[in-house]
Amino acid sequence: MKMKTLVSAALLSIAVLPLAHAADMAGMQQGSGHGIAMQPAAEATPPAGVTASDCWIRLLPAGLPAGGYLTIRNGGARTVTLTGIHADAYGMAMLHQTTTDKQNRSTMAMVQGLDIAPGQQRRFSPGGYHIMLEKPAKTVKVGDVLPISLLFKGGQSLNVQCSVRPANATKP
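Here the structure is a predicted model, which is why all the values come from computation and not from measurement.

Participant: Got a minute to help me understand unusual backbone geometry in this structure?
Facilitator: A negative phi holds for most residues other than glycine; trans holds for most peptide bonds. Within the chain, Asp54 stands out as a residue other than glycine whose phi angle is a positive 55 degrees. The topology assignment puts Asp54 in strand β1 (residues 50-58). The phi angle at Lys135 is positive, at roughly 60 degrees, despite the residue not being glycine. Along the polypeptide, Lys135 turns up in strand β8 (residues 129-136).

See below:
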């Protein structure tokens, strides 16, 4: 009897695991606060005084993750926190930061939130902060211009247009 119960429990867990994973992924893509591709609010407005410029995407070959770069300026009176990215052309978009240690080794980590104080700017560039774009939802080509939504704490968002550049590009 115990063996039958164990086998039943094992089969049940195997059947339920994909459902749990799908629910987890759906939560990540709909706003888990982990810097992952979240859906922008339909009526969201940009934070006061916040602008973005020079947005471009470095397209890599063979379906490798692409990198997004831009400059975000806060001309407003309050600190804003960038919490995520939404990009229709990609199944997953994340905020990342590359850092280099004293031995000149680079590491990359996901960023949960990025504060931008009044009068400050954050430059996303190769080797620093960047947008990691994975799982293209459509064919993306050099020369395309793709919309990306920057998502901020409090439900605000800023839409930007990003030009797609080749793998050897180093700036817009």
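Participant: Would you mind showing me how to read the state of the cysteines here?
Facilitator: Think of a disulfide as a covalent bridge from one cysteine sulfur atom to another cysteine sulfur atom. Summed over the entire model, instances satisfying the criterion amount to 1 disulfide. Note on cysteine connectivity: Cys55 is disulfide-linked to Cys162, with sulfurs 1.9 Å apart. For the disulfide bridge between Cys55 and Cys162, the dihedral angle about the S-S bond is near 70 degrees, and by the sign convention the bridge is right-handed. Placement of the pair is Cys55 in strand β1 and Cys162 in strand β10 (residues 156-165), with a sequence separation of 107 residues. Each member of the pair, Cys55 together with Cys162, is buried.

Participant: Hey, could you run me through the environment of Ile57 in this one?
Facilitator: Relative to the helices and strands, Ile57 is located in strand β1. Using a relative accessible area of 0% as the deciding quantity, one classes Ile57 as buried. On a C-alpha basis, the gap between Ile57 and Ser163 in space is 6.1 Å, while along the polypeptide they are 106 residues apart.

Participant: Would you take a moment to explain the packing of aromatic side chains for this structure?
Facilitator: Working definition: an aromatic ring pair is given by the centre-to-centre distance plus the angle between the planes. In the structure shown here, the tally under the stated rule is 2 aromatic pairs. Geometrically, the ring pair formed by Phe124 and Tyr129 is tilted, given 5.9 Å between the ring centres and 40 degrees between the ring planes.

Participant: Looking at this structure, I do not really get the pattern of salt bridges. What am I missing?
Facilitator: Applying the stated criterion to the full structure yields 2 salt bridges. Ionic pairing is found between Asp101 and Arg105, a salt bridge with its closest N-O pair at 2.9 Å. Classification of Asp101 as partly exposed rests on a relative accessible area of 32%. The partner of Asp144 in a salt bridge is Lys141, and the shortest N-O contact between them spans 3.6 Å. When its relative accessible area of 47% is taken as the criterion, Lys141 is described as partly exposed.

Conventions and cut-offs
Residues numbered from 1 in each chain as written. Predicted model: local features only at pLDDT ≥ 70, side-chain atom pairs only at ≥ 80, totals over all residues. Heavy atoms only, no water. Helix = DSSP H or I, 4+ residues; strand = E, 2+ residues; numbered from the N terminus. Disulfide = S-S within 2.5 Å. Buried < 20%, exposed > 50% of the residue type's maximum accessible area, 1.4 Å probe, protein only. Phe/Tyr/Trp six-rings, centres within 6.5 Å; stacked < 30°, edge-to-face > 60°. Salt bridge = Lys/Arg side-chain N within 4 Å of Asp/Glu carboxyl O.

Taken by themselves, the reported measurements are silent on function.
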